[in-house]
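Each chain, letter by letter, is given below.
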Amino acid sequence: MEQGLRSEGNNPPSIDKTRVLDVKPLRCLAPVFPSPNGMSSVSTPQPSPFVCVPPTGPFPPGVAPFYPFVAPNESGRPGESSQQTPSGVPNQGGPFGFAQPISPVPLNSFRTPTTANGNSGRSRRAVDDDDYSNSQDQNDQFASGFSVHVNNVEDSGTGKKRGRPKKPRRAQQAEGSTPLEVDVEPLLTQLLTSFKLVDFDQVKKADGDKELVGRVLLVFDLFRRRMTQIDESRDGSGSGRRPDLKASNMLMTKGVRTNQTKRIGNAPGIEVGDIFFFRMELCLVGLHAPTMAGIDYMSVKLTMDEEPLAVSIVSSGGYDDDGGDGDVLIYTGQGGVQRKDGQVFDQKLERGNLALEKSVHRANEVRVIRGVKDVAYPTGKIYIYDGLYKIQESWAEKNKVGCNVFKYKLLRVPGQPEAFKVWKSIQQWKDGVASRVGVILPDLTSGAESQPVCLVNDVDDEKGPAYFTYIPSLKYSKPFVMPRPSPSCHCVGGCQPGDSNCACIQSNGGFLPYSSLGVLLSYKALIHECGSACSCPPNCRNRMSQGGPKARLEVFKTKNRGWGLRSWDPIRGGGFICEYAGEVIDAGNYSDDNYIFDATRIYAPLEAERDYNDESRKVPFPLVISAKNGGNISRFMNHSCSPNVYWQLVVRQSNNEATYHIAFFAIRHIPPMQELTFDYGMDKADHRRKKCLCGSLNCRGYFY
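Only a predicted model underlies this, so the values are computations on that prediction, with no experimental measurement involved.

Calculation criteria
Residues numbered from 1 in each chain as written. Predicted model: local features only at pLDDT ≥ 70, side-chain atom pairs only at ≥ 80, totals over all residues. Heavy atoms only, no water. Helix = DSSP H or I, 4+ residues; strand = E, 2+ residues; numbered from the N terminus. Buried < 20%, exposed > 50% of the residue type's maximum accessible area, 1.4 Å probe, protein only. Contact = heavy atoms within 4.5 Å. Areas by Shrake-Rupley, 256 points an atom, 1.4 Å probe, with all protein chains shown as cover. Phe/Tyr/Trp six-rings, centres within 6.5 Å; stacked < 30°, edge-to-face > 60°. Lys NZ or Arg CZ within 6 Å of the ring centre and 35° of its normal. Core = buried A, V, L, I, M, F, W, Y, C linked by side-chain atoms within 4.5 Å. pLDDT = per-residue confidence, 0-100. Pairing = 2+ DSSP bridges. Axes fitted to C-alpha atoms, helices over the stretch in contact; angles between N-to-C directions.

Enquirer: Lay out the overall build of the chain in plain terms, naming residues and giving numbers.
Expert: Across its full length, the chain holds nine helices and 30 strands. Every one of the 704 residues in the chain was classed for burial, and the buried ones make up 52%. A separation threshold of at least 6 residues defines the contact pool for the chain, and within that pool the share at least 24 residues apart is 68%. As presented, the chain carries roughly 32,400 Å² of accessible surface, and 51% of it is formed by carbon and sulfur atoms.

Shown next as structure tokens:
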């Protein structure tokens, strides 16, 4: 470089422009990582892999190592050195080297360099393939700007940089208060141990089953909810963070995922109709690997050359897709933009578009995930696995902004369970366009609940259950007397996370137990809700179980288990369903009562181990409720050995009196029209077994 500079006296040096090279920045390069099966899924034909050769010798004084030449630490574990190799960087050691499956997060992290205002060199009118944006939080709280710490490269969709994995952060209750030291690493380790995900073999990682998929999703959701609670307590809102991305990144770093091998057809362990509230959930279970792109594909060698074939697509409104009648989908390819100056760019027949075109001729099955608007959370999406489709035809046309786009017509493979069509039918019931078949009563509650609960029988001629009085809440003859008065909160506008002055938050260990959507953020032996002496309004977040059901429920006649309960609406994991209403009675006084909830029984823990010899689930107060003569919808909830509903003891205190309640929450995401069930528990002194007809894989064959 010195030869290209000339200095004459005191004049500033001039530059020999003939010696200046046109050097493109590193971030413009498109890395290509091999998939686990050794075949590229990026493009066809394959370009040469992206390889960086680290410089030899030490860096000059005052110059810090920079990506991608950061030296790995000795342990190779993230978070132990400020100069560690970013996970996913090629030709470096660590868990994401070429010898290991590649996390899909880094693959989507290499983007077009952004300008100073955070936008790329062209203004996109078309959003990402399925309308998913990293700046859009689909969590229990709106958040934007949180970056997964994977690579020191730009975050897809936000233009912000991702740093190296950070050490666990401290959760702080409020400004000026004592910070709560929260190390999330031990929390995750505890969850992985409880659900037996610490050392599961590589075969199951590659090919899952329903049980493994359920455990992976449950650990992700429990960990994500807990981090949401921690983030909220730290700054009062949790805004600016993405606990869903952070949770998934930590799980992937530990190798906690399944169905990593791309395949054509159904993904093992995932049923048609399953729902997901986060794109990262699709990735963790191998239903759809890309975290942003709407088309997933793999390269296969069908002739002398490799060619891409589509394996799954996500359609959720990002483009002008036509959902059809539930059996037909008109899908728009990826790409196509319009700049601020009005110049348009057409879609190209490459990558995902090329894979879809190849799938037209090969007639292979493609998994279809449909995204719909989350009514409870308008900025979020709910993803429905709608089963296998085949691409019948393709064509090109101009879209609304004048770009040439590719269109693909997909037809649903017959003989599969209905999924998206169920959602369409329910919406027609709600809109009054179509009537629900088999309705006996349009509202079983007679207006006692904020949402009507219809009584339905489309199985036989029975006109309804035995007579009972509908009561929406628990009846106490007298409240329980507390040994000492309990403090009440003075939160006139409602309890807020991070408020160190809120007595109810302090009773819950410094955290609010619920999100603003009514999602239980962590499971505890006892939840303290605001009582009658508290100053907060009825819609306070800490009165979640006092407002009645939030979802539209129905009581229906089952084929072989009497009457049951299910929902027209999707329910998030941890979402509140209802409380067990009835009359509080003395323990042991219900020999002929089939509508009993006995909290003194032994219940299986939420964790994977279902050991009834563990009495840790016994509640701190013996509560027995009878709903024989009077109760609410909870009296119709049937038993299951693999339930999707979990109960939680809740106490509401006022001065020196307290009332205990049983609140039901969803264990996992529950699709519409799936029966709601919970485990009735066991009483070792009661030998009157009843035959169990739950039909689950873990069915014990009986219950009490």
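Enquirer: Lay out the packing of aromatic side chains in plain terms, naming residues and giving numbers.
Expert: Using the criterion set out here, one finds 19 aromatic pairs in the structure. Look at tyrosine 580 and phenylalanine 597: their rings are 5.6 Å apart centre to centre, the planes differ by 45°, and that puts the pair in the tilted class. Of this pair, tyrosine 580 sits in the loop between strand E21 (576–579) and strand E22 (583–585) while phenylalanine 597 sits in strand E23 (residues 596–598); the two residues are 17 residues apart in sequence, bridging distant segments of the chain. Taken individually, tyrosine 580 and phenylalanine 597 each receive the classification buried, so the pair is uniform in this respect. The structure contains a cluster of three or more aromatic residues connected by ring pairs, namely Tyr580, Phe597, Tyr603, Trp647, Phe664, Phe678, Tyr680 and Phe703. The ring of phenylalanine 556 has arginine 566 lying over it, and the distance from NZ or CZ to the ring centre is 3.7 Å.

Enquirer: Please set out the nonpolar core residue by residue, giving values where relevant.
Expert: Counting residues in hydrophobic clusters, the biggest one holds 53 residues, and the most contacted among them are Leu197, Val219, Phe223, Leu251, Ile270, Phe276 and Leu287. For this core, the secondary-structure elements that each account for two or more residues are helix H2 (184–194), helix H4 (210–235), helix H5 (243–253), strand E5 (275–276), helix H6 (279–284), strand E11 (365–373), strand E12 (381–398) and helix H8 (420–431). It is H4 that contributes the most residues to this core, 11 residues altogether. By size, the runner-up hydrophobic cluster in this structure holds 39 residues, among which are Leu474, Ile633, Trp647 and Ala666.

Enquirer: Can you tell me about the confidence of the model for the chain, naming the residues and giving the values?
Expert: For the chain, the mean per-residue pLDDT works out to 76, and 70% of the residues sit at or above 70. In this model residues 1–12 is a low-confidence stretch, pLDDT under 50, and it forms nine contacts with partners more than four residues away in sequence or in other chains. Confidence over residues 17–180 falls short of pLDDT 50; this stretch has 366 contacts with residues more than four positions distant or in other chains.

Enquirer: Hey, could you go over the sheet that holds E22 for me, with residue numbers and the actual values?
Expert: In space, the three strands of this open sheet follow the order E22-E24-E23, with antiparallel pairing throughout. Each having just a single partner strand, E22 and E23 make up the two edges of the open sheet. Here the average twist between neighbouring strands, direction ignored, is 25°. Where E23 meets strand E24 (residues 624–626), three bridges bridge the pair, whose relative direction is antiparallel. Across the sheet, residue isoleucine 596 finds its bridge partner in E24, namely serine 626.

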